[in-house]
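Architecture at a glance
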Amino acid sequence: MIIIDSPSHDAYFNIALEEYLLYHYPTEDIFLLYINAPSIIVGKFQNTLAEINLDYVTENNIKVVRRMSGGGAVYHDLGNLNFSFHTLLGQNDFMDFSTFTEPVVKLLNGLNVPAKLEGRNDLLVDGKKFSGNAKLARNGKMIQHGTILFNSDMSVLGNALKINPLKYVDKAIKSNRARVINLIEYFPNEMTTDELKALLIDEMLETNEGATIYHLTTEDLNGVAKLIEEKYQTWDWNFGFSPKYNFKNAKKIPAGFIEVHLDVERGGTIEKAKIFGDFFASELIEALENKLIGIKHNEEEIAKVLNSIDVTDYFGKVTVDEILELFR
């Protein structure tokens, strides 16, 4: 087994690193640890926009990244430790989450924290969740990765994942908003996330014969950078990969009440747009609706459309920013 302590707090880097290792180290058993700066990591099959508070995420510069595995959306920050096991497919039962959560449970139990695996894939302490785990199988390997809430900012967590349930109707997997807890509450003496990470690395070195620390090479770093550029920092992957959904939003502004309905195809393309309200317009609203069809449900592309016209012709005395808010 090789143990990798990621040199980066960038969520794009660390999620891309998991895929890079999957394809470039196909026979190695790997234990990867990383800590991300504020970010939301969504499951592969989720509708990203239905999982996040987009305004809050944008205002607070929180990165949004889609991972390779299924499951629900999670919030990461510097108080959250993430671990990832890579093994050959077939060595372990795919639905068995206990094997790769056992080192975490063992370490915490040794520190007098009553952690245990409950349900299918969650680690709990005193009935509250501090770790969720997800899996994927690909390229002859299996990855199980999980989070450890240690000293995360719970107020940001709640705000970043808070969404308006009236905006979206879709068949994507919604995240289970479980009761969660920070493990820092169980440590009377101050401990940092990095110190917990170091203890977990020591645990893996002691319990896995032949385990060694591996440092990423320049070739590795360049490979990860390429994946980030081509996939993990793109709107098409992080947002556009979402399944088909219906979007609805309404707002009262001085020009009147305006309501927007969108049918969005898989890939994030607007298939149908309808705009309702009690505003007054000198131009047919159908003309604007038609301009929206075929573009991405993406603030940048919608802004281009709105900036290409005089929005006051369609809604009266309004600004582009006021109308743009209706599409978030």
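Going by what an unreviewed UniProt entry lists, the protein is known as lipoate--protein ligase and is assigned to Empedobacter tilapiae. Under the UniProt heading Catalytic activity (unreviewed entry), the entry covering the protein gives this text: "L-lysyl-[lipoyl-carrier protein] + (R)-lipoate + ATP = N(6)-[(R)-lipoyl]-L-lysyl-[lipoyl-carrier protein] + AMP + diphosphate + H(+)".

1. Some thoughts on the packing of aromatic side chains
Under the defined criterion, the tally for this structure stands at nine aromatic pairs. With centroids separated by 4.9 Å and ring planes inclined at 35°, the aromatic side chains of phenylalanine 85 and phenylalanine 100 adopt a geometry described as tilted. Separated by 15 residues along the polypeptide, phenylalanine 85 in strand β6 (residues 80–88) and phenylalanine 100 in helix α4 (residues 98–110) bring together distant segments of the chain. Across the pair, phenylalanine 100 and phenylalanine 85 agree in class, each one buried. Where tyrosine 232 meets tryptophan 237, the ring centres are 5.9 Å apart and the plane angle is 75°; that geometry is what we call edge-to-face. On the basis of relative accessibility, which here comes to 10%, the residue tryptophan 237 falls in the buried class. By the ring-pair criterion, three or more aromatic residues cluster together here, those being Phe31, Phe83, Phe85 and Phe100. Across from the ring centre of tryptophan 237, 4.2 Å away, lies the NZ or CZ of lysine 231, which sits over that ring. We note arginine 266 situated over the ring of phenylalanine 241; from NZ or CZ to the ring centre the distance is 4.7 Å.

2. Examining the environment of proline 243
Mapped onto the elements of the fold, proline 243 is located in the loop between α8 (235–240) and β13 (245–253). Separated by 23 residues in the primary sequence, proline 243 and arginine 266 have C-alpha atoms spaced 4.5 Å apart.

3. Remarks on the sheet that holds strand β8 (residues 122–125)
Read from one edge to the other, the open sheet built from eight strands follows the order β7-β8-β9-β10-β6-β2-β1-β12, with strand pairing classed as mixed. This sheet does not close on itself; its edge strands, each paired only once, are β7 (115–118) and β12 (212–213). The pairing of β6 with strand β10 (residues 141–149) spans nine bridges and is antiparallel. In the sheet register, threonine 87 faces β10, and the bridge partner there is methionine 142. Packing of helix α1 (residues 11–24) onto the sheet brings it into contact with β1 (2–5), β2 (30–34), β6, β9 (128–138) and β10, and relative to β2 it is tilted by some 170°. Across the sheet, helix α6 (residues 193–207) is in contact with β1, β2, β6, β10 and β12; its angle to β6 comes to roughly 25°.

The rules we used
- Residues numbered from 1 in each chain as written.
- Predicted model: local features only at pLDDT ≥ 70, side-chain atom pairs only at ≥ 80, totals over all residues.
- Heavy atoms only, no water.
- UniProt positions renumbered as here; feature names shortened; annotations may be inferred.
- Phe/Tyr/Trp six-rings, centres within 6.5 Å; stacked < 30°, edge-to-face > 60°.
- Helix = DSSP H or I, 4+ residues; strand = E, 2+ residues; numbered from the N terminus.
- Buried < 20%, exposed > 50% of the residue type's maximum accessible area, 1.4 Å probe, protein only.
- Lys NZ or Arg CZ within 6 Å of the ring centre and 35° of its normal.
- Pairing = 2+ DSSP bridges.
- Contact = heavy atoms within 4.5 Å.
- Axes fitted to C-alpha atoms, helices over the stretch in contact; angles between N-to-C directions.

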